[in-house]
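Overview (structure and organization)
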Amino acid sequence: MIILDTGAVKALATGHKTLGLLAGNMARTPGDHLVVPALCLVQAEADAQGVAHRVLALSSVSVDPLETVASVAVGTMIRDGLGGPDTCHALYCALPRAEFTGMSILLTTREDAYPPGIVTVDIDSPGMLGFG
């Protein structure tokens, strides 16, 4: 699963070339999609009007909702000082979950915002995910 945090969502919405290529490639691959944690989408839209509409218009994007269990886990992470609501929802999405097999990759503009053990990739790193 590939997850976009707030910074990556804003970059995709404003034309980040590599993320745009990735979204296009995933749209052509059945079953593949980019996951945007709901609280990252909220924060991105709060930061810049229209971001959510531009990102949600992409067929390869899906939103991970903040359900009951996720709400409790994200709230606990915030209380424990792991970051703000959007960062903690992205972190929650990157943790192993029964409904997603394989390794999650968190695309971000702030790798240092996440604890060790979470696979993060800076969206501006050379050769991100084999693109670039």
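Shown above is the structure to which this text applies.
Heads up: these notes are all about the structure in this document. (Residues numbered from 1 in each chain as written. Predicted model: local features only at pLDDT ≥ 70, side-chain atom pairs only at ≥ 80, totals over all residues. Heavy atoms only, no water.)

**Describing helix α2 (residues 17–27)**
- Along α2, the residues classified as buried are Thr 18, Leu 19, Leu 22, Ala 23 and Met 26. Seen from one end, α2 has its buried residues packed into an arc of 135 degrees, which puts them on one side. (Buried < 20%, exposed > 50% of the residue type's maximum accessible area, 1.4 Å probe, protein only. Helix = DSSP H or I, 4+ residues; strand = E, 2+ residues; numbered from the N terminus. Arc of directions from axis to C-beta.)

**Points about the pattern of salt bridges**
- Within the structure shown, the criterion is met by two salt bridges.
- Lys 10 serves as the salt-bridge partner of Asp 47, at 2.9 Å between the closest nitrogen and oxygen. Pair noted here: Asp 47 is in helix α3 (residues 38–47) and Lys 10 is in helix α1 (residues 6–13), with a separation of 37 residues, a long-range link.
- Where Asp 80 meets Arg 79, a salt bridge forms, and the shortest distance between an N and an O atom there is 3.7 Å. Arg 79 matches Asp 80 in its accessibility class, with the two residues each being exposed. (Salt bridge = Lys/Arg side-chain N within 4 Å of Asp/Glu carboxyl O.)

**Quick notes on the state of the cysteines**
- The full count for this structure, using the stated rule, is zero disulfides.
- No disulfide involves Cys 40; its sulfur sits 7.3 Å from the nearest other cysteine sulfur, which is in Cys 93.
- When its relative accessible area of 0% is taken as the criterion, Cys 40 is described as buried.
- We classify Cys 93 as buried; its relative accessible area is 0%. (Disulfide = S-S within 2.5 Å.)

**Digging into the nonpolar core**
- In this structure, Leu 4, Val 9, Leu 19, Leu 34, Val 36, Val 55 and Leu 107 are the most contacted members of the largest nonpolar core, which totals 39 residues.
- With six residues, helix α6 (residues 85–94) is the single largest residue contributor to this core.
- With residues up to four places along the chain from it excluded, the contact list for Val 36 reads Leu 4, Val 9, Leu 41, Val 55, Val 61, Ser 62, Val 63 and Asp 64. (Core = buried A, V, L, I, M, F, W, Y, C linked by side-chain atoms within 4.5 Å. Contact = heavy atoms within 4.5 Å.)

**Description of the packing of α1 against α3**
- Where α1 contacts α3, the axes come no closer than 8 Å and their chain directions differ by 55 degrees. The angle between α1 and α3 places the two elements in the oblique class. Every pair of crossing elements has a handedness; the one defined by α1 and α3 is right-handed. Residue-level inspection shows Thr 6, Val 9 and Lys 10 of α1 in contact with α3, the latter providing Cys 40, Leu 41, Gln 43, Ala 44 and Asp 47.
- Among the residues making up the contact of α1 with α3, the classes are represented as four nonpolar, two polar and two charged. (Axes fitted to C-alpha atoms, helices over the stretch in contact; angles between N-to-C directions. Parallel < 35°, antiparallel > 145°, perpendicular 65-115°, else oblique. Left-handed = near helix turned anticlockwise from the far one by under 90°. Nonpolar A, V, L, I, M, F, W, Y, C, P; charged D, E, K, R; others polar.)

**Things to note about the environment of Ala 44**
- Assignment of secondary structure puts Ala 44 in helix α3.
- On the basis of relative accessibility, which here comes to 0%, the residue Ala 44 falls in the buried class.
- Linking Ala 44 and Asp 5, residues 39 residues apart in sequence, is a C-alpha distance of 9.0 Å.
- In this structure Ala 44 touches Thr 6, Val 9, Lys 10 and Val 51, once residues within four positions along its chain are discounted.

**Topic: the packing of α1 against α2**
- Running from N to C, α1 and α2 cross one another at 85 degrees; their axes reach a closest spacing of 8 Å. In this view, α1 runs roughly perpendicular relative to α2, as classed from their interaxial angle. Between α1 and α2, the contacting residues are Ala 8, Ala 11 and Leu 12 on the first element and Leu 19, Gly 20 and Ala 23 on the second.
- Looking at the contact of α1 with α2 residue by residue, the classes come out as five nonpolar, one polar and no charged.

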